[in-house]
Amino acid sequence: MSARLKFPTHMKRHPIIALLTDFGSSDGYVASMKGVILSIAPHASLIDITHDLPPQDVRHAGYVVWSCYRTFPQGTIFVCVVDPGVGTKRKILCASIGGYYFLAPDNGLLKYVLSSESSFKSVDVVNKKYFAKNISTTFHGRDIFAPAAAHLANGIPMKNFGPAIRVAQSKKLFIRIDDSSKSRVNGEILHIDRFGNIITNCLAKSLPKSPKSIALRIGNRRITEQSLTYEAAGKGKLFITLGSSGLIEMSLKNGSAAKRLSAIRGQQVQFQLEHHA
Amino acid sequence: MSARLKFPTHMKRHPIIALLTDFGSSDGYVASMKGVILSIAPHASLIDITHDLPPQDVRHAGYVVWSCYRTFPQGTIFVCVVDPGVGTKRKILCASIGGYYFLAPDNGLLKYVLSSESSFKSVDVVNKKYFAKNISTTFHGRDIFAPAAAHLANGIPMKNFGPAIRVAQSKKLFIRIDDSSKSRVNGEILHIDRFGNIITNCLAKSLPKSPKSIALRIGNRRITEQSLTYEAAGKGKLFITLGSSGLIEMSLKNGSAAKRLSAIRGQQVQFQLEHHA
Amino acid sequence: MSARLKFPTHMKRHPIIALLTDFGSSDGYVASMKGVILSIAPHASLIDITHDLPPQDVRHAGYVVWSCYRTFPQGTIFVCVVDPGVGTKRKILCASIGGYYFLAPDNGLLKYVLSSESSFKSVDVVNKKYFAKNISTTFHGRDIFAPAAAHLANGIPMKNFGPAIRVAQSKKLFIRIDDSSKSRVNGEILHIDRFGNIITNCLAKSLPKSPKSIALRIGNRRITEQSLTYEAAGKGKLFITLGSSGLIEMSLKNGSAAKRLSAIRGQQVQFQLEHHA
């Protein structure tokens, strides 16, 4: 198994390491990871995805990294540390997926990314040669993830980190409605963003247009209005839109759809599709 | 028209792209922009101005970029995305102003910068050659602003983005009191910062010194105490100071002047100038 | 006195400047510092430690920089601006400590770093040649700290900034319990992190194991349970752990120990050590 990807030339000189944690921005935890990385791989370019995830919210982390990883150059190394099991026997994965590298605890964080790619390779990160000398029990971000990412950026093949490991790919995290012949499809709320947009797990190439129609049922509300932009939507009206990640979303112009509907992540929603043709 | 600026040598190698959005720091939106930029312009240096602006607050964004852009090296590209009209027919501007580049929606975000410079050039960003292949209706930050900024960093002249466009320069966004012969000057609150400092739209080279004096009236309060430092101010007393951007500010030592005065942005203030000479 | 450190080769090309301020992330203050630095030292790599410190909280700042500085490559320049005395006669220090550089107001911010190192050199930063042309009274971060840091990154020896200055090293900021022959040791709460972990000022190489034991008294509570990981701890139970900086901490699985105990920074705690051997 050769899991070593070919980096584009500029990546060899300035490998990108993108960081996502729940460490917040008022302590020194993220800086410690950066210090370790730059000590081992001084030419790495560090990018913060976010550190302001809700503490220990593995699903939120998984959604965020899924929503942005494909915009990055091939070879980018994503270091994802939302890790309630730190210090226990939970495994740490290094995976090459779709031309990218991911380091993450084996706790489901990568499930959205994995379900979007047809093939991937992964290893169980166990080789202490690539860890800090002294490994704390509560901060593997600094003592394992950061040094491993830096060595990867330096060109160490990921197979050196440990033995190949199989990771299950979840099915049905996303649903597709484009080709659905059903009139009702059940989905759920995958994410609520800063603006209160409700992002469902329903992928669509486009919103159904007349003579087709779509209704979105959430709680005891049924929304049928569509708008492709916030501006064009009726003031104070909830509307269905196609989000920038290809997922169907529900929004409210100049307001929070989530607040209006008291919506929470994981809540069930139902799509009602009508073909009037 | 040749709107192409001459970059300093180091900028050619590491062009700076400075980002300012209202996307917050807990989603993947900012990271998506960075991924797109680095995919097109791998040598760009990315700087975050801020992403924690109040959602859709175009004026706040405009003040912040005005307050810091002149500290950056010539040739820096500022990408400003606070864009309630995303996906509609609002225009996107690329402007070269005072040796800097700015990409922003044509919604007034750049008005403070524009009013501070005597000349500028701008184009209407319409050439899809420099956009993402698929353009969402709700995330032009990723699909238009980011790729355009990256191409600009790669040396594409801004005239390639679209036709020249005239942008009106607002007058009287700032007032100058140094040379004022009036005894009363009306101004307003331009910004309230993290510390509760109240920043007015009144530019001054220095605070008037005895035998001159200045009083600042806000609501039913009249403040005459001056201090050039927080430390030297009387404890619990409001004082007038000359802020770091050359604007007259009102502060409270170890406290929030804005909270004390229930001040809000846009509120009218009045400067009373006395020349006892 | 030659306080000039030898940079590793890669640091010469890409010196790291790490920034820590209480300027928050919604204004243009941090960006202004970065603009100034990049104008003078275009090849500097900028790293944010944090800007979301509680305003004017010098101790919090001091703890955070202490907790992470040793992870960075030798030669890194730490710029620490939590500076209630800005514009007054308080001194600004440039210190070389343990192979690193620090710029900070002389207000105690560096006390934790200083107490961890056996020797250091420091100068009083007074040479206006390395400051901005016009120096505001309220924003030395932009007008003094940033340009001085940039010149340091460009290789200017710190002795050029001003005369050597003695800085007192505080004793007993940390206590060591490993070799303590006492059965009771008084300590205090040094920091409370984002997760509500209570970090004491008590350094230990390891937690005492049977037949030894340790009890931690805080308020009227006495905690004896130990766990090296969050996961292994009993649900809803407070436990003692050895934190990643070598300090004894108190934690609560899936919750905030600080909230549970209404703990505040500076609060006294007592360690009770028993040697049953």
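Residues numbered from 1 in each chain as written. Chains lettered and ligands numbered in written order. Predicted model: local features only at pLDDT ≥ 70, side-chain atom pairs only at ≥ 80, totals over all residues. Heavy atoms only, no water.

### Here we look at the interface of chain A and chain C
Argument step 1. Residue-level contacts link 34 residues of chain A with 33 residues of chain C.
Argument step 2. Between chain A and chain C, the buried area comes to about 2600 Å², and carbon and sulfur atoms account for 56% of it.
Argument step 3. Among the residues of chain A in contact with chain C, Ser26(A), Asp27(A) and Thr138(A) are the three that bury the most area, contributing 19% of the side total.
Argument step 4. Joining chain A to chain C, the criterion identifies 0 salt bridges. (Contact = heavy atoms within 4.5 Å. Buried area = accessible area lost by both parts, 1.4 Å probe. Salt bridge = Lys/Arg side-chain N within 4 Å of Asp/Glu carboxyl O.)

### Some thoughts on the relation of the copies chain A and chain C
Argument step 1. When chain A is fitted to chain C, the residual RMSD is 0.0 Å, and the transformation amounts to a turn of 120° plus an axial shift of 0.0 Å. The symmetry that links the two subunits is that of a three-fold axis. Closest to the rotation axis within chain A is the C-alpha of Ser45(A), separated from it by 5.2 Å.
Argument step 2. A share of only 9% of interface residues in chain A that are also interface residues in chain C marks the association as one of differing surfaces. (Least-squares fit on C-alpha atoms with pLDDT ≥ 70 in both.)

### Remarks on the interface of chain B and chain C
Argument step 1. Each partner contributes residues to the interface: chain B has 34 residues there, and chain C has 34 residues.
Argument step 2. Summing both partners gives a buried area of about 2600 Å² for chain B against chain C, and 55% of it is carried by carbon and sulfur.
Argument step 3. If you look at where chain B meets chain C, you find 0 salt bridges.
Argument step 4. In this assembly, chain B and chain C are joined by 14 residue pairs in polar contact (both at pLDDT 80 or more).
Argument step 5. Taken together, the residues that form the side of chain B that touches chain C break down as 14 nonpolar, 14 polar and 6 charged. (Polar contact = N/O pair within 3.5 Å; in protein donor to acceptor, adjacent residues only side chain to side chain. Nonpolar A, V, L, I, M, F, W, Y, C, P; charged D, E, K, R; others polar.)

### Some points on unusual backbone geometry
Residue and element names in this part refer to chain B.
Argument step 1. With phi around 55°, asparagine 254 is a residue other than glycine that occupies positive phi space.
Argument step 2. Here asparagine 254 shows up in the loop between strand S13 (247–252) and helix H6 (257–261).
Argument step 3. Overall, the relative accessible area of 54% leaves asparagine 254 in the exposed class. (Helix = DSSP H or I, 4+ residues; strand = E, 2+ residues; numbered from the N terminus. Buried < 20%, exposed > 50% of the residue type's maximum accessible area, 1.4 Å probe, protein only.)

### Brief notes about the side chain of Asp22(A)
Argument step 1. Along the polypeptide, Asp22(A) turns up in the loop between strand S1 (16–21) and helix H2 (29–40).
Argument step 2. The buried charged residue Asp22(A) lacks any salt bridge, with Arg194(C) as its nearest oppositely charged partner at 5.6 Å.
Argument step 3. Looking at Asp22(A), its side chain comes within polar contact range of the main-chain nitrogen of Gln56(A), at 2.6 Å. (Lys, Arg positive; Asp, Glu negative; His and termini not counted.)

### Re the pairing of S1(A)
Residues and elements named next belong to chain A.
Argument step 1. Burial analysis of S1 places 6 of its 6 residues in the buried class, the great majority of the element.
Argument step 2. Side-chain alternation along S1 places Ile16, Ala18 and Leu20 on one buried face and Ile17, Leu19 and Thr21 on a second face that is also buried.
Argument step 3. Two strands pair when backbone bridges link them, and S1 and strand S2 (residues 45–50) are joined in this way by 5 bridges, in the parallel orientation. Residue pairing in the sheet places isoleucine 17 in a bridge with leucine 46 of S2.
Argument step 4. A crossover links S1 with its parallel partner S2, the connecting element being H2, and its sense is right-handed.
Argument step 5. Examined bridge by bridge, S1 and strand S3 (residues 77–81) share 5 bridges and lie parallel to one another. (Pairing = 2+ DSSP bridges. Right-handed = clockwise from strand over helix to strand, strands pointing away.)

### Details of the relation of the copies chain B and chain C
Argument step 1. Mapping chain B onto chain C calls for a screw motion: a turn of 120° about the axis and a shift of 0.0 Å along it, with 0.0 Å RMSD after fitting.
Argument step 2. Residue by residue, only 12% of the interface of chain B is reproduced at the interface of chain C, so the copies engage with different surfaces.

### Points about the packing of H2(A) against helix H5 (residues 140–153) of chain A
Residues and elements named next belong to chain A.
Argument step 1. Viewed as axis vectors pointing N to C, H2 and H5 meet at an angle of 35°, and their least axial separation amounts to 8 Å. As for how H2 packs across H5, the hand of that crossing is right-handed. Packed against H2, whose contacting residues are Ser32, Met33, Val36, Ile37 and Ile40, the element H5 presents Gly141, Arg142, Ala146, Pro147, Ala150 and His151 at the interface. (Axes fitted to C-alpha atoms, helices over the stretch in contact; angles between N-to-C directions. Left-handed = near helix turned anticlockwise from the far one by under 90°.)

### Considerations on the sheet that holds strand S4 (residues 92–97) of chain A
Residue and element names in this part refer to chain A.
Argument step 1. Strand order in the open sheet formed by 6 strands is S2-S1-S3-S5-S4-S6, and the pairing between neighbours is mixed. Edge positions in the sheet fall to S2 and strand S6 (120–124), since each has one partner strand and no second. The sheet shows a mean angle of 20° between the axes of neighbouring strands, taken without regard to direction.
Argument step 2. Relative to strand S5 (residues 100–105), S3 is paired through 3 bridges, and the arrangement is parallel. Note that in S5 the partner of valine 79 across the bridge is leucine 103.
Argument step 3. Strand contacts of H2: S1, S2 and S3, with the helix running at about 160° to S1, the strand carrying the most contacts.
Argument step 4. Each of S1, S2, S3 and S5 touches helix H3 (residues 58–68); the most contacted strand, S2, lies at about 125° to it.

### Regarding the confidence of the model for chain A
Argument step 1. Taken residue by residue, chain A gives an average pLDDT of 91. The fraction at 70 or more is 95%.
Argument step 2. Both confidence scores are given for the complex: pTM 0.94, ipTM 0.93. (pLDDT = per-residue confidence, 0-100.)

### Description of the sheet that holds strand S1 (residues 16–21) of chain B
Residue and element names in this part refer to chain B.
Argument step 1. Sheet architecture is open: 6 strands sit in the order S2-S1-S3-S5-S4-S6, paired in mixed fashion. Both outer strands of the open sheet, strand S2 (45–50) and strand S6 (120–124), are each paired with one neighbouring strand and no more. Strand-to-strand twist of the sheet, defined as the mean angle between neighbouring strand axes without regard to direction, takes the value 20°.
Argument step 2. Sitting on the sheet, helix H2 (residues 29–40) is in contact with S1, S2 and strand S3 (77–81), with an inclination near 160° to S1.

### Some points on the pattern of salt bridges
Residues and elements named next belong to chain B.
Argument step 1. Per the counting criterion, the structure on display carries 18 salt bridges over all chains.
Argument step 2. Measuring nitrogen to oxygen at the nearest pair gives 2.9 Å for the salt bridge that ties lysine 34 to aspartate 48. Of this pair, lysine 34 sits in helix H2 while aspartate 48 sits in strand S2; the two residues are 14 residues apart in sequence, bridging distant segments of the chain.
Argument step 3. Residue classification places aspartate 48 among the partly exposed residues on the basis of a relative accessible area of 23%.

### What about the environment of Leu228(A)?
Argument step 1. By the element assignment, Leu228(A) lies in the loop between strand S11 (221–223) and strand S12 (238–242).
Argument step 2. Accessibility expressed as a relative area gives 43% for Leu228(A), which makes it partly exposed.
Argument step 3. Between the C-alpha atoms of Leu228(A) and Leu207(A), which are 21 residues apart in sequence, the distance is 8.8 Å.
Argument step 4. Beyond its immediate chain neighbours, meaning those up to four positions away, Leu228(A) contacts Leu207(A), Thr241(A), Thr137(B) and Thr138(B).

### Concerning the state of the cysteines
Argument step 1. Evaluation of the coordinates by the stated rule reveals 0 disulfides over all chains.
Argument step 2. Looking at the unpaired Cys68(B), the closest cysteine sulfur is the one in Cys80(B), lying at 8.8 Å.
Argument step 3. The cysteine Cys94(C) is free of any disulfide, with Cys80(C) supplying the nearest cysteine sulfur at 11 Å. (Disulfide = S-S within 2.5 Å.)

### Brief notes about helix H5 (residues 140–153) of chain C
All names here are of chain C.
Argument step 1. In this model, H5 (14 residues) spans 18 Å end to end at C-alpha, consistent with the 20 Å of a helix rising 1.5 Å per residue.
Argument step 2. At alanine 146, H5 shows its strongest bend, of approximately 25°, with the proline proline 147 following within four residues.
Argument step 3. Of all 14 residues that make up H5, 14 are buried, and the element is covered over most of its length.
Argument step 4. Two residues or fewer after H5 comes glycine 155, characterised by a positive phi angle close to 105°. (Expected span 1.5 Å × (residues − 1). Bend = angle between axes of the 7 residues up to and from the residue.)

### Re the pairing of strand S13 (residues 247–252) of chain A
Residue and element names in this part refer to chain A.
Argument step 1. For S13, a buried count of 6 out of 6 residues is recorded, marking the element as mostly surrounded by other parts of the structure.
Argument step 2. What you see with S13 is no split at all: Leu247, Glu249 and Ser251 on one side and Ile248, Met250 and Leu252 on the other are buried throughout.
Argument step 3. The pairing of strand S9 (residues 198–203) with S13 spans 3 bridges and is antiparallel. When the sheet's bridge partners are listed, isoleucine 198 is paired in S13 with methionine 250.
Argument step 4. Two elements, S12 and S13, share 5 bridges in a ladder whose sense is antiparallel. Within the sheet, the bridge partner assigned to isoleucine 240 lies in S13 and is methionine 250.
Argument step 5. Hairpin connection between S12 and S13: a loop of 4 residues separates the two successive antiparallel strands, and glycine 246 in this loop has a positive phi of roughly 85°.

### Topic: the packing of aromatic side chains
Argument step 1. Within the structure shown, the criterion is met by 39 aromatic pairs over all chains.
Argument step 2. Both rings, one in Tyr63(B) and one in Trp66(B), keep their centres 5.8 Å apart while their planes meet at 40°; by these two values the pair is tilted. Residue Tyr63(B) and its partner Trp66(B) are both found in helix H3 (residues 58–68); the two are separated by 3 residues, about one turn of the helix.
Argument step 3. By relative accessible area, Tyr63(B) is classed as buried at 5%.
Argument step 4. Exposure remark for Trp66(B): the relative accessible area of 3% places this residue in the buried category.
Argument step 5. Clustering of aromatic rings is evident, with ring pairs tying together Tyr69(A), Phe72(A), Phe78(A), Tyr100(A) and Phe102(A). (Phe/Tyr/Trp six-rings, centres within 6.5 Å; stacked < 30°, edge-to-face > 60°.)

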